[in-house]
Amino acid sequence: MGAEPAKPAADALEVAQALLARLPGLGPRSARRALLHLLKHRERLLAPLVEALARVDAALARCPVCGNLDVTTPCRICTDPKRDPALLCVVADVADLWALERARLFPGRFHVLGGLLSALDGVGPEDLAIAPLLARLDGVSEVVLALAATLEGQTTAHHVAARLQGYPVRVSQLAHGVPVGGELDHLDEGTLAQALRLRRPL
Amino acid sequence: MERHDAALVLTLLPHGEHGAVVRFLGLREGLVAAYVHGARSRARRADLAPGNRVRLVLRGRLRERLPTATLEVEASRALLAFDPAPAAALAYLVELLAGALPEGEPDPALAERFDALLDRMTGGGDWPAAMVRFERDLLSALGFGLDLGVCALSGRRDGLAFVSPRSGRAVSAAAAEGQPWARRLLPLPGFLCEAEAEGMPAPDAEACAAGFALTGHFLARHVFPERPRAEALRREALARMGLSA
């Protein structure tokens, strides 16, 4: 196959718009607005964005230890000496890891499973990074399962907890109940029931 | 065209950014798929927890087209996800029902039995035996019913102790005694022959295990070959219940 001829600028704009429209949260209209904004602020936004994305693209790698995405290998969380190596937080996806990191509340390290058990999507235990999790338990005293409060999330949590049986680690999971700022009359029955079930003395 | 039904949420397939194609088991509609706008939004996610009983409104111009659905929760089963055995059982049952039942062929009795089983699981009562009964009923609904009321050989209604692994018909202990093929028969736990009644003692773990082995044999023969994931989920559910497949 020969090299494709260079596309005219108008085509390139359409391609850029179509690619932006594929991003989560954007449709064709919002992609057009975003693209126009970038074009209007070419020096301040477009050029630095292109440069930053090119740098990320060149350096991006999946951390072989935890499964995080970063521009260093192993990732900066795994190599951070201030992190407590005895605490390990298990998440389903990199997005969950980044959400927890945003809050900067967890002082330990992470492990990304790469999804949740799902019959519908054909994801079985062998498709998740459970074996690598078991292989890195040396020196770990607590594993925190930070998985979704859905049937798939909890089925995965129960499965991982069962696989961790026999290892000398404490297994815990995130609490479920009334969210901060949540008003009771707006909560669903399931959340209320779980909150009531896990009530604590005051 | 607007159709109203009472239904149970089975599975959810993400579609678009916030929506999903959800499969329901309706009393009047049977197995039905519908598009739910905003199904994965924070506000709606809990409404669509598998097993939830909902009041469903389906809208669509033609029956052949995928309808859109709006719903209101009547009974939440979200709590089941937090206990290992019920969570695994629920994951298996919704996968089995969504995959094995034909669409557009309502079976109100089966839907009601599933709802009753979920009620029992939510209530924390004795449910493994009820799950065995439900699997027996599901086999029947799929056209592979077991004939457990009368001995296939003697015609007797008492002393039924086995089931033929081929025909699914009951065999009495007296008829099987001394026969060379008797060792190939599947044990028939007593609770599967009797109608469930109030105050009846709960079958023990051994009887439940025999019941699961019996229904599992016929599910493996007729249903699981095309649904290996359901079989794997059943194994997981039985392990969580402390039983082996």
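All of the points below concern the structure found in this document. Please read all numbers here as calculations on a predicted model, not as lab measurements. (Residues numbered from 1 in each chain as written. Chains lettered and ligands numbered in written order. Predicted model: local features only at pLDDT ≥ 70, side-chain atom pairs only at ≥ 80, totals over all residues. Heavy atoms only, no water.)

## Digging into the sheet that holds strand E3 (residues 84–91) of chain A
The strands making up a sheet are joined through hydrogen bonds of the backbone, oriented either antiparallel or parallel.
All names here are of chain A.
Alright, step 1. Across the sheet, four strands lie side by side as E4-E3-E5-E6; this open sheet has parallel pairing. Strand pairing shows two members of the sheet lacking a second neighbour, strand E4 (108–112) and strand E6 (170–173), which therefore form its edges. The sheet shows a mean angle of 25° between the axes of neighbouring strands, direction not considered.
Alright, step 2. Two strands pair when backbone bridges link them, and E3 and E4 are joined in this way by five bridges, in the parallel orientation. Each residue of the ladder has a partner; that of Val90, found in E4, is His111.
Alright, step 3. Against the sheet, helix H5 (residues 94–103) engages E3, E4 and strand E5 (142–146), with an angle of about 160° to E4. (Pairing = 2+ DSSP bridges. Helix = DSSP H or I, 4+ residues; strand = E, 2+ residues; numbered from the N terminus. Axes fitted to C-alpha atoms, helices over the stretch in contact; angles between N-to-C directions. Contact = heavy atoms within 4.5 Å.)

## Let's talk about the packing of helix H4 (residues 128–141) of chain B against helix H6 (residues 205–222) of chain B
The packing of two helices is summarised by the inter-axis angle and the distance between the axes.
Residue and element names in this part refer to chain B.
Alright, step 1. Relative to each other, H4 and H6 sit at 25°, their axes nearing to 9 Å. Viewed along their axes, H4 and H6 adopt a mutual orientation that is roughly parallel. As H4 packs across H6, the resulting crossing turns out to be left-handed. Between H4, through Pro128, Ala129, Met131, Val132, Glu135, Arg136 and Leu139, and H6, the contact on the second element is made entirely by Cys208, Gly211, Phe212, Thr215, Phe218 and Leu219.
Alright, step 2. Considered class by class, the residues forming the contact of H4 with H6 number nine nonpolar, two polar and two charged. (Parallel < 35°, antiparallel > 145°, perpendicular 65-115°, else oblique. Left-handed = near helix turned anticlockwise from the far one by under 90°. Nonpolar A, V, L, I, M, F, W, Y, C, P; charged D, E, K, R; others polar.)

## Concerning a positive patch on the surface
All names here are of chain B.
Alright, step 1. Together, Arg166, Arg183, Arg184 and Arg221 make up a region of like positive charge exposed at the surface.
Alright, step 2. Along the chain, Arg183 turns up in the loop between helix H5 (173–176) and strand E8 (186–187).
Alright, step 3. Here Arg183 falls in the exposed class, since its relative accessible area comes to 72%. (Patch = residues over 30% accessible without salt bridge, like charges linked within 9 Å, V, L, I, M, F, W, Y side chains within 5 Å. Areas by Shrake-Rupley, 256 points an atom, 1.4 Å probe, with all protein chains shown as cover. Salt bridge = Lys/Arg side-chain N within 4 Å of Asp/Glu carboxyl O. Lys, Arg positive; Asp, Glu negative; His and termini not counted. Charge placed at Lys NZ, Arg CZ, Asp CG, Glu CD. Buried < 20%, exposed > 50% of the residue type's maximum accessible area, 1.4 Å probe, protein only.)

## Comments concerning the packing of aromatic side chains
Residue and element names in this part refer to chain A.
Alright, step 1. The full count for this structure, using the stated rule, is two aromatic pairs over all chains.
Alright, step 2. Summarising the aromatic geometry, the rings of Phe106 and Phe110 are spaced 5.4 Å apart at their centres and angled 55° between planes, so their arrangement reads as tilted. You'll find Phe106 and Phe110 in the same group, each marked buried. (Phe/Tyr/Trp six-rings, centres within 6.5 Å; stacked < 30°, edge-to-face > 60°.)

## Points about the pattern of salt bridges
Residue and element names in this part refer to chain B.
Alright, step 1. Evaluated as defined, the whole model comprises 22 salt bridges over all chains.
Alright, step 2. Here Glu74 and Arg55 are joined by a salt bridge, their closest N and O atoms 2.9 Å apart. On the criterion of sequence distance, the pair formed by Glu74 in strand E5 (residues 68–75) and Arg55 in strand E4 (residues 53–59) is long-range, its members being 19 residues apart.
Alright, step 3. Put simply, Asp137 and Arg113 hold a salt bridge, and the shortest N to O gap is 3.5 Å. Of this pair, Asp137 sits in helix H4 while Arg113 sits in helix H3 (residues 108–123); the two residues are 24 residues apart in sequence, bridging distant segments of the chain.
Alright, step 4. Residues participating in the shared-partner salt-bridge network are Arg53, Arg55, Glu74, Arg77, Asp115 and Asp119.

## Some thoughts on the interface of chain A and chain B
Alright, step 1. Contacts between chain A and chain B engage 25 residues on the former and 24 residues on the latter.
Alright, step 2. Taken together, the two surfaces of chain A and chain B that pack against each other cover about 1,900 Å², and 63% of this comes from carbon and sulfur.
Alright, step 3. It is Leu120(A), Leu151(A) and His158(A) in chain A that bury the most area against chain B; as a group they hold 32% of the surface buried on that side.
Alright, step 4. The interface formed by chain A and chain B includes one salt bridge.
Alright, step 5. With its nearest N and O atoms 3.3 Å apart, the salt bridge here joins Arg197(A) to Asp83(B).
Alright, step 6. Among the elements that make up the side of chain A that touches chain B, the one with the highest residue count is helix H7 (residues 151–164) of chain A (six residues).
Alright, step 7. Partitioned by chemical class, the residues of the side of chain A that touches chain B number 10 nonpolar, 11 polar and four charged. (Buried area = accessible area lost by both parts, 1.4 Å probe.)

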